[in-house]
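A structural walkthrough
Each chain, letter by letter, is given below.
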Amino acid sequence: MFSSLYRRIAKNNLQKNYRYYAPRILTEAGLAACFYIMLALALEPKMKNIYGGEYLPTFMMLGTFILAILSVVLLMYTANFLMKQRMQEYGLYYALGMEKKHVARVLCYESGISSAAGIGIGVGSGILFYKLSLLILTKMMGTEAIPRVSMILPAALGGTVLFFAAADIMNYLVNRIRLSRMNTTELLHSKETGEREPKTKILLLMAGIAALAAGYYIALTTDRPMDALNLFFIAVFLVIAGTYLLFGAGSIFILKALKKNEKFYYNKNHMIGISGMLHRMKRNSVGLASIAILSTCVLVMVSTSLSLYTGMDDVVESRYPKPLYISEQGMTKEDTVVSLPVSALRRALQDASEKTGMRITEIDDIHSLDGMVLPKDGAWNPVNSEGNDLTRCISVGIITQQMYEAMGGEKLNLKGNEIALCSLRTSVDYSMKTLNLNHQKLKVRKWINYFPVKENGSSLSNTKRYGIVVAEESVARRLNRNHAFSTVNCLGVGFKNPAQTYREGKEFTRIFRQRVTSILAEDYGIRGVVPAVDSAWDVKSALKSMYGSFLFLGVLLGMVFLFATVLIIYYKQISEGYEDRKRFQIMEKVGMSSGEVKKTIQSQVRMVFFLPLMVAGIHTAVAFPILIELLKVLMLTNKALFIGCGLGAYGAYVLGYGIIYRFTSRTYYRIVR
């Protein structure tokens, strides 16, 4: 009987307070839906079988972990907000004779119903949109075959329900303990507490300045990719800490300084706004700092993932001057290196060209030197890649000017120890006039923009690389004394139609392998040996699968952070609206016109609302140098592209933020009036 009564009271309370509970339920639903989709993609075994699927479990589990942390924090925030708004109501229950255990039962039903609704809608939406998400993901990854997967993955379903149920139970227990420790008077007058003017906390202010300055220093001075990888999260922690401290202690310090300026403060517009901000800044500072940090997360995630995906062609083209490279050597089953006849390779290439319709425009016979050097005391000394810190090494490729000009390069007219340098994956250093390479002093005569030879081995290296053109073969031999570098002999193949190349490249490779195996066996008696094939289309497919997964994760997490931002803004506007309503009614009674009151409201709301957006823009701009170094780890070096994506993301976010402002400010004005 009493259980039914408590349920009716709880349902009635939820209906009356729909303005509070509807956003909470929808937010938890959105979090649960995204959580289920990410976890299902991470745990689905069939996803590992698609091309590039090896990246998915790592990316999606990382996203699930980040989302789990955000979900706990956001659900705690909503539970705390709802408790603050309802304390007077619970105090009234006490005053009417209900015992604490009875109020706790009502709270239990309210929490249970809202939790069940949020989790149920979220899981249902996640299952419903899982297939759509899978289609979008495979499209981003460039996968033609979409795996047949079940819409319901029991492990992901169970994990999602258990996680969010545990988070909601934890919040319920915390609120129940808070409720049990407060008496009727405290609950009834809870909204009138905390009205004392906050004190300036110099120690927190100094700590905030120090933390933010340290985070900014790391972001601005880190100039190596691996250092950026190690220091990025330290910088993030420092900036987050500094943001929270400065929004609290810093804002109060500034407001009090403005209050001391009598000429500025004793103005009806300024006085009202500053006084109101001082009395509520402790609560506002946490919300504003959270909005600024969440906005920064959205901007960083979207701009980096978008620049990686759109810059994929730039990454491939910078590493592959020619779309296809065929090694002139092959490996037997006994790991013996065998030189292969170039004529056989050329015949197989022409046969593959005829069968696929991919017209070959050039086949260059490339002979070059390739290796790693370690800059030390002004000299570049060759090193073995094993056992050395590759973050400090530089990759170099060396060819003669005769080969450079034969492969489409400009006429250089190099003589003696003169060289031409091409800066690859690093900025041009025009101050470099000489180069001491393997104890050979070389004179830099010219910087060039084109180097026709790709890097030996992995073309997905993120180390700095220079292309070196020497005057003649004798200089190359001196540089390669003691076999300091690897000798690379291969064919570089160019095609007429780039679009067709990437569309039909895999078929070309298959036919070439088939034909070269047959030609070598029938005409030269060489069996069981196939030359290594390194193609731009294979690398692009690998990058597309990796960058596509990253973009999908970035967009999904960006949406989640946006949900969180909207929720915090909405709740902040509601809480401030109820707090300000009585104050502005008093202002009208003491002689201020409704127009003056409205102007004061708009001024204060705009100042508070757009401050986090400005801070997020500053954080993102300062993070640019370290983000550039992080993108180098993922092989993107196009700064202009990243700047463009960052500005585009910020512009779109400002537009969306403005729409959110218009929507939530209407709710605020309705409450105040």
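Just so we're clear, the structure is a prediction, and the values are computed from it rather than from any experiment. (Residues numbered from 1 in each chain as written. Predicted model: local features only at pLDDT ≥ 70, side-chain atom pairs only at ≥ 80, totals over all residues. Heavy atoms only, no water.)

Another aspect to go through is the overall build of the chain. In terms of helices and strands, the chain carries 18 helices and 11 strands. For the chain, the residues scored as buried account for 51% of the 673 residues in total. (Helix = DSSP H or I, 4+ residues; strand = E, 2+ residues; numbered from the N terminus. Buried < 20%, exposed > 50% of the residue type's maximum accessible area, 1.4 Å probe, protein only.)

What follows covers the pairing of strand 6 (residues 418-424). Burial analysis of strand 6 places seven of its seven residues in the buried class, the great majority of the element. Alternating positions in strand 6 separate into two faces, Glu 418, Ala 420, Cys 422 and Leu 424 on one and Ile 419, Leu 421 and Ser 423 on the other, with burial throughout. Pairing analysis gives five bridges linking strand 6 to strand 8 (residues 440-448), with the strands arranged parallel. Each residue of the ladder has a partner; that of Cys 422, found in strand 8, is Ile 448. Here strand 6 pairs with strand 9 (residues 464-470) via six bridges, running antiparallel. In the strand pairing of strand 9, Leu 421 is matched with Ile 468. (Pairing = 2+ DSSP bridges.)

Okay, the packing of helix 2 (residues 18-43) against helix 4 (residues 100-141) next. At a closest axis distance of 6 Å, the pairing of helix 2 and helix 4 adopts a crossing angle of 40 degrees. One finds that helix 2 runs oblique with respect to helix 4. Our pair here, helix 2 against helix 4, has a crossing hand that is right-handed. Across the contact of helix 2 with helix 4, the residue classes tally to 18 nonpolar, seven polar and three charged. (Axes fitted to C-alpha atoms, helices over the stretch in contact; angles between N-to-C directions. Parallel < 35°, antiparallel > 145°, perpendicular 65-115°, else oblique. Left-handed = near helix turned anticlockwise from the far one by under 90°. Nonpolar A, V, L, I, M, F, W, Y, C, P; charged D, E, K, R; others polar.)

This model, assessed by the stated rule, comprises 12 salt bridges. The residue Asp 364 makes a salt bridge to Lys 322 at a minimum N-O spacing of 3.5 Å. Here the residue Asp 364 occupies a position in strand 3 (residues 360-376), and Lys 322 occupies one in the loop between helix 11 (312-319) and strand 1 (324-331), the gap between them amounting to 42 residues. Relative accessible area serves as the criterion here: at 3%, Lys 322 is assigned to the buried category. Where Arg 510 meets Glu 507, a salt bridge forms, and the shortest distance between an N and an O atom there is 2.7 Å. Residue Arg 510 and its partner Glu 507 are both found in helix 15 (residues 498-523); the two are separated by three residues, about one turn of the helix. Among the residues examined, Arg 510 registers a relative accessible area of 45% and is labelled partly exposed. According to the relative accessible area criterion, Glu 507 is partly exposed, its value standing at 35%. Look at the salt bridges and you will find they share partners, linking Arg 24, Glu 28 and Asp 168 into a network. (Salt bridge = Lys/Arg side-chain N within 4 Å of Asp/Glu carboxyl O.)

Okay, the packing of aromatic side chains next. Overall, the coordinates contain 16 aromatic pairs when judged by the stated rule. Both rings, one in Phe 508 and one in Trp 537, keep their centres 6.4 Å apart while their planes meet at 70 degrees; by these two values the pair is edge-to-face. Highlighted residues: Phe 508 in helix 15 and Trp 537 in helix 16 (residues 536-589), separated in sequence by 29 residues. Residue Phe 508 is classed as buried on the basis of its relative accessible area of 0%. Trp 537 gets classed as buried once you look at its relative accessible area, which sits at 2%. Between Phe 624 and Phe 642, the ring centres sit 5.4 Å apart and the planes meet at 10 degrees, which makes this aromatic pair stacked. Of this pair, Phe 624 sits in helix 17 (residues 594-633) while Phe 642 sits in helix 18 (residues 639-672), and the two are 18 residues apart along the sequence. Judged by its relative accessible area of 23%, Phe 624 falls in the partly exposed class. Overall, the relative accessible area of 4% leaves Phe 642 in the buried class. Chaining the aromatic ring pairs together yields one cluster made of Phe 35, Phe 163 and Phe 164. (Phe/Tyr/Trp six-rings, centres within 6.5 Å; stacked < 30°, edge-to-face > 60°.)

Another aspect to go through is empty space enclosed by the protein. Summed over the entire model, instances satisfying the criterion amount to one cavity of 30 Å³ or more. Forming the walls of the largest cavity are 15 residues, and the residues nearest its centre are Arg 24, Ala 79, Leu 82, Ser 111 and Asn 175. Broken down by secondary-structure element, the contributors of at least two residues to the lining of the largest cavity are helix 2, helix 3 (56-95), helix 4 and helix 5 (154-180). Top contributing element to the lining of the largest cavity by residue count: helix 3, with five residues. Partitioning the lining of the largest cavity into residue classes produces eight nonpolar, four polar and three charged. (1 Å grid on protein atoms, 1.4 Å probe; cavity = no way out; pocket = protein on both sides within 12 Å on 5 of 7 lines; lining within 4 Å. Points joined across faces, edges and corners; volume = space filled by probe spheres on them.)

Turning our eyes to something else, we now look at helix 12 (residues 342-356). In this model helix 12 runs 21 Å from its N-terminal to its C-terminal C-alpha over 15 residues, within 8% of the 21 Å that 1.5 Å per residue would give. Among all positions in helix 12, only Ala 344, Leu 345, Ala 348, Leu 349, Ala 352, Ser 353 and Thr 356 are buried. On the buried face of helix 12, the contacting elements are strand 1, strand 3, strand 10 (486-495), helix 15 and strand 11 (531-535). Phi for Gly 357, located one or two positions after helix 12, is positive at around 80 degrees. (Expected span 1.5 Å × (residues − 1). Contact = heavy atoms within 4.5 Å.)

This part takes up helix 15. Here helix 15 is 26 residues long, yet its end C-alpha atoms lie only 32 Å apart, well below the 38 Å a rise of 1.5 Å per residue gives. Remark: the principal bend of helix 15, roughly 65 degrees, maps to Glu 504. Considered for burial, the residues of helix 15 that qualify are Gln 500, Thr 501, Gly 505, Phe 508, Thr 509, Ile 511, Phe 512, Val 516, Ile 519, Leu 520 and Ala 521. Immediately beyond the C-terminal end of helix 15, within one or two residues, lies Gly 525, with a positive phi of roughly 70 degrees. (Bend = angle between axes of the 7 residues up to and from the residue.)

One finds Leu 41, Met 60, Leu 67, Val 469, Leu 543, Tyr 547 and Phe 552 to be the most contacted residues of the largest nonpolar core, which totals 115 residues. Among residues more than four places away in sequence, those in contact with Leu 41 are Met 47, Met 60, Tyr 130, Leu 134, Leu 137 and Phe 552. (Core = buried A, V, L, I, M, F, W, Y, C linked by side-chain atoms within 4.5 Å.)

What follows deals with a nonpolar patch on the surface. Together, Leu 128, Phe 129, Leu 132, Leu 135 and Ile 136 make up an exposed nonpolar region whose accessible area comes to about 470 Å². Considering the arrangement of structural elements, one finds Leu 135 in helix 4. (Patch = residues over 30% accessible without salt bridge, like charges linked within 9 Å, V, L, I, M, F, W, Y side chains within 5 Å. Areas by Shrake-Rupley, 256 points an atom, 1.4 Å probe, with all protein chains shown as cover.)

With that settled, the discussion passes to the packing of helix 12 against helix 15. Put simply, helix 12 and helix 15 touch, their axes get as near as 7 Å, and they point 135 degrees apart. Of the possible angle classes, the one that applies to helix 12 and helix 15 is oblique. Taken as a pair, helix 12 and helix 15 cross one another with a handedness that is right-handed. Across from Ala 344, Leu 345, Arg 347, Ala 348, Leu 349, Asp 351, Ala 352, Ser 353, Lys 355 and Thr 356 in helix 12, the residues of helix 15 making contact are Gln 500, Glu 504, Glu 507, Phe 508, Ile 511, Phe 512, Arg 515, Val 516, Ile 519, Leu 520 and Asp 523. Its residues assigned to classes, the contact of helix 12 with helix 15 comprises 11 nonpolar, three polar and seven charged.

Another aspect to go through is the side chain of Thr 509. Tracing the backbone through its elements, the reader meets Thr 509 in helix 15. Here Trp 537 takes part through its side chain, which lies 3.1 Å from a polar atom of the side chain of Thr 509. Not counting the four nearest positions on each side in its chain, Thr 509 is found in contact with Val 533 and Trp 537. (Polar contact = N/O pair within 3.5 Å; in protein donor to acceptor, adjacent residues only side chain to side chain.)

Turning our eyes to something else, we now look at the side chain of His 619. Inspection of the secondary structure assignment puts His 619 in helix 17. Polar side-chain contacts of His 619 include one of 2.9 Å to the side chain of Thr 243. Excluding anything up to four places from it in sequence, His 619 contacts Leu 212, Tyr 216, Val 239, Thr 243 and Thr 296.

Turning our attention to the confidence of the model for the chain. With 84% of its residues at a pLDDT of 70 or more, the chain shows a mean pLDDT of 81. Per-element mean pLDDT across the chain ranges from 61 in helix 6 (residues 184-188) up to 91 in helix 7 (residues 202-221). (pLDDT = per-residue confidence, 0-100.)

Here we take up the environment of Gly 558. Relative to the helices and strands, Gly 558 resides in helix 16. Remark: the alpha-carbon pair of Gly 558 and Cys 297, spanning 261 residues in sequence, is separated by 7.3 Å. Discounting chain neighbours no more than four positions away, the residues touching Gly 558 are Val 298 and Met 301.

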